[in-house]
Amino acid sequence: MNSIKLRIRLTSDSFVKVAGIISNSVILAANVYLIGTGIQGGLRARKQERISQTLHTTAEIASAVAGLTKVIVDSLGKQYAET
């Protein structure tokens, strides 16, 4: 089996460059995570807003139906009272 010798020469400049690359990689990973969670939060907020609008519309329709039903019942009650 052949053995491979690997020499790494670490100078102060190369150490600083490697540290900078690692630091930038960590910052990039953190930014990717924050952007991802921001997008998720935006989608969640839009979904909640859509649900809220649907519930509000449903409540308005139910109120209108209740008002119409009251008018019809009152009208029918007056007709039966007259006869």
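Remember, it's a predicted structure, so these values are computed and weren't measured experimentally. Positions within a chain are numbered from 1, following the residues in the order the chain's sequence is written. Totals for whole chains, interfaces and linings use every residue, but because this is a predicted model, local features are given only for residues with pLDDT of at least 70 and side-chain atom pairs only at 80 or more, for both listing and counting. For the side-chain quantities, the full set of heavy atoms in the structure was used; hydrogens and water were omitted.

1. Let's talk about the overall build of the chain
- Strands are runs of DSSP state E lasting at least 2 residues, helices are runs of H or I lasting at least 4, and numbering of each runs from the N terminus. On a plain count of helices and strands, the chain comes out with 1 helix and 0 strands.
- With the radius of gyration taken over C-alpha atoms, the globule rule is written as 2.2 Å times the number of residues to the power 0.38. Whereas a compact globule of 83 residues would reach a radius of gyration of roughly 12 Å, the chain reaches 35 Å, over 25% beyond that.
- Considered along the principal axes of its C-alpha atoms, the chain spans approximately 110 × 35 × 5 Å.
- Buried residues are those whose accessible area, probed at 1.4 Å on protein chains only, stays under 20% of the maximum for their type, while exposed residues exceed 50% and partly exposed ones sit between those limits. Residue burial in the chain is summarised as follows: out of 83 residues, 0% are buried.
- Methods summary: accessible areas were calculated by the Shrake-Rupley approach with a probe of 1.4 Å, and residue burial reflects only the protein chains presented. A total accessible area of about 8100 Å² is found for the chain, and carbon and sulfur atoms account for 65% of it.
- Distance from the positive charge centre (10 side chains) to the negative charge centre (5 side chains) of the chain: 29 Å. Two residue types count as positive, namely Lys and Arg, and two as negative, namely Asp and Glu; His and chain ends fall outside the count. For charged residues, the charge sits on one atom: NZ in Lys, CZ in Arg, CG in Asp, CD in Glu.

2. Re the pattern of salt bridges
- What makes a salt bridge here is a side-chain nitrogen of Lys or Arg within 4 Å of a carboxyl oxygen of Asp or Glu, nothing more. This model, assessed by the stated rule, comprises 1 salt bridge.
- The salt bridge partner of Asp74 is Lys70, with a shortest N-O separation of 3.1 Å. Taken as a pair, Asp74 and Lys70 lie in helix 1 (residues 12–82) at a separation of 4 residues, close to a single helical turn.
- Classification of Asp74 by relative accessible area gives partly exposed; the value is 36%.
- Judged by relative accessible area, which is 53%, Lys70 ranks as exposed.

3. What about the environment of Thr37?
- Along the chain, Thr37 turns up in helix 1.
- Using a relative accessible area of 28% as the deciding quantity, one classes Thr37 as partly exposed.
- Measuring from C-alpha to C-alpha, the distance between Thr37 and Val16 comes to 32 Å, with 21 residues separating the pair along the chain.

4. Let's talk about the environment of Leu76
- Structurally, Leu76 can be placed in helix 1.
- Spatially, the C-alpha atom of Leu76 lies 37 Å from that of Ile51, the residues being 25 residues apart in sequence.

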